Amino acid sequence: MRKLVLLSILLAMVVIILGAYTRLTDAGLGCPDWPGCYGHLSFADTTKHIETSQQHFPDRPFEAHKAWNEMIHRYFASALGLVIVVIFLLSFIQRSYHRPLKLPFFLVCLVMFQGALGMWTVTLNLLPVVVMGHLLGGFAVLSCLFLLYLRLTPYRIPGGDHRMRTYGKYTLFALIILICQIALGGWTSANYASLACTELPICEGSWYENLDFIGAFTITSAESYEYGTHDYAQRMTMHIMHRLGALVTFIYLSWLALRLYKAATANLIKRLCVLLMLVLGAQVILGVSNVVFSLPVGIAVMHNFVAVCLLLVLITLSYTLYRKT
């Protein structure tokens, strides 16, 4: 079971990376229908019948590279969903005291909802709140799979350091801050605001005179949300809020890592604190690089991947502190 859960974790990470790549290459509508692509379940069939495909969607030009990006993402997401269903069935059939059942069932429900979000992403033409929700759903699936893996892993804090459990509330708060920051990043990306500010540390010019918080977090009415519908001031506000969120996240996680490192006696917790600082530092460097180099796809995808790693480190740290010794 653990090996199957580990496989699902790797698949979930691949799906998140492919989703980020699809979004960053503007391929979210590479296939304008769902679950197939231009009326075909197989992308190969689509390429063989390009003229017929375009007749069904005359307002959507056929772009093979974008369609490939989208369909590969869907194939991996479908494989992940199938593996999660298998995990639940095995948990149900081979029930035992030490094997969770509620979490696999929740995962099945979550991945079904995630599939619905994927459908709405296409049918609602990249509605930003759905795109952001789809991103958060992917992180939620991965987090639950990782929790399941930890539940199936028999380990304890060396030495039985009960005192460290009091720090668990700080790690939970750190998770809340990080999830909010991921949501801000998802909203910024979904509204094509990642390049709204091209200077550091805040933004160029008299940015403070153009802030529009209400407009930045309002869903506009449009037929399609591809390439964004908000004006520059609203996108700039989104971008600035994401940067401020990054600052808050960096300060709190740095404080948490240093505080836990000084208080811990177990080497496991000390190593997790060091890892947290290393991953956090890498994420800051990638975030700055996105601005300096004008959002290259490779760096932007890595920015998403390192956010995943940061989340998993925090989950491990929180779970370790709360686990009974």
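I will try to describe carefully the structure that is included in this document.

Cut-offs applied
Residues numbered from 1 in each chain as written. Predicted model: local features only at pLDDT ≥ 70, side-chain atom pairs only at ≥ 80, totals over all residues. Heavy atoms only, no water. Phe/Tyr/Trp six-rings, centres within 6.5 Å; stacked < 30°, edge-to-face > 60°. Buried < 20%, exposed > 50% of the residue type's maximum accessible area, 1.4 Å probe, protein only. Helix = DSSP H or I, 4+ residues; strand = E, 2+ residues; numbered from the N terminus. Lys NZ or Arg CZ within 6 Å of the ring centre and 35° of its normal. Expected span 1.5 Å × (residues − 1). Salt bridge = Lys/Arg side-chain N within 4 Å of Asp/Glu carboxyl O. Polar contact = N/O pair within 3.5 Å; in protein donor to acceptor, adjacent residues only side chain to side chain. Contact = heavy atoms within 4.5 Å. Disulfide = S-S within 2.5 Å.

**Things to note about the packing of aromatic side chains**
This structure, assessed with the given rule, holds 10 aromatic pairs. Taken together, a centroid distance of 5.6 Å and an interplanar angle of 80 degrees make the contact between tryptophan 207 and tyrosine 208 edge-to-face. Residue class for tryptophan 207 comes out partly exposed when judged on its relative accessible area of 23%. Where tyrosine 252 meets tryptophan 255, the ring centres are 5.5 Å apart and the plane angle is 45 degrees; that geometry is what we call tilted. Of this pair, tyrosine 252 and tryptophan 255 both sit in helix H9 (residues 232-263), 3 residues apart, which is roughly one turn of that helix. Put simply, the rings of Tyr167, Tyr170, Phe173, Tyr252 and Trp255 pair up and form one aromatic cluster. Lying over the aromatic face of tyrosine 261, lysine 270 brings its terminal NZ or CZ to 4.2 Å of the ring centre.

**Thoughts on helix H6 (residues 128-151)**
Along its 24 residues, H6 runs 34 Å from first to last C-alpha, staying within 8% of the 34 Å computed at 1.5 Å per residue. Counting buried residues in H6 gives 18 out of 24 residues, a clear majority hidden from the surface.

**Remarks on the pattern of salt bridges**
In the structure shown here, the tally under the stated rule is 2 salt bridges. A salt bridge links lysine 66 to glutamate 63; the nearest nitrogen and oxygen atoms lie 3.6 Å apart. Two residues, glutamate 70 and arginine 74, come together in a salt bridge whose shortest N-O distance is 2.9 Å. Taken as a pair, glutamate 70 and arginine 74 lie in helix H4 (residues 64-93) at a separation of 4 residues, close to a single helical turn. Arginine 74 carries the same exposure label as glutamate 70, and that label is buried.

**A word on the side chain of serine 189**
Along the chain, the position of serine 189 falls in helix H7 (residues 168-190). Of the residues examined, serine 189 reaches a relative accessible area of 14% and is grouped as buried. Reaching out from serine 189, the side chain makes a polar contact with the side chain of arginine 23 at a distance of 2.9 Å. Excluding anything up to four places from it in sequence, serine 189 contacts Arg23 and Ser194.

**Overview of the state of the cysteines**
Counted by the stated rule, this structure contains 2 disulfides. Between the sulfur atoms of cysteine 31 and its disulfide mate cysteine 37 the distance is 2.1 Å. The chirality of the disulfide connecting cysteine 31 with cysteine 37 is left-handed, given an S-S dihedral of about -80 degrees. The two residues cysteine 31 and cysteine 37 agree in class, both being buried. Residue pairing for cysteine 197: its cysteine sulfur links by disulfide to cysteine 203, the two sulfurs lying 2.1 Å apart. Every disulfide takes its handedness from the sign of the S-S torsion; for cysteine 197 and cysteine 203 that torsion is -95 degrees, giving left-handed. Here the two residues cysteine 197 and cysteine 203 agree in accessibility, since each one is buried.

**Details of unusual backbone geometry**
Cis geometry is found at the peptide bond from tryptophan 34 to proline 35, where omega equals 5 degrees. Along the chain, proline 35 falls in the loop between helix H1 (2-24) and helix H2 (43-48). With an omega of 5 degrees, the peptide bond running from leucine 200 to proline 201 counts as cis. Relative to the helices and strands, proline 201 is located in the loop between H7 and helix H8 (213-216). Even without being a glycine, tyrosine 192 presents a positive backbone phi close to 55 degrees. Positionally, tyrosine 192 belongs in the loop between H7 and H8.

These figures capture arrangement, not role.
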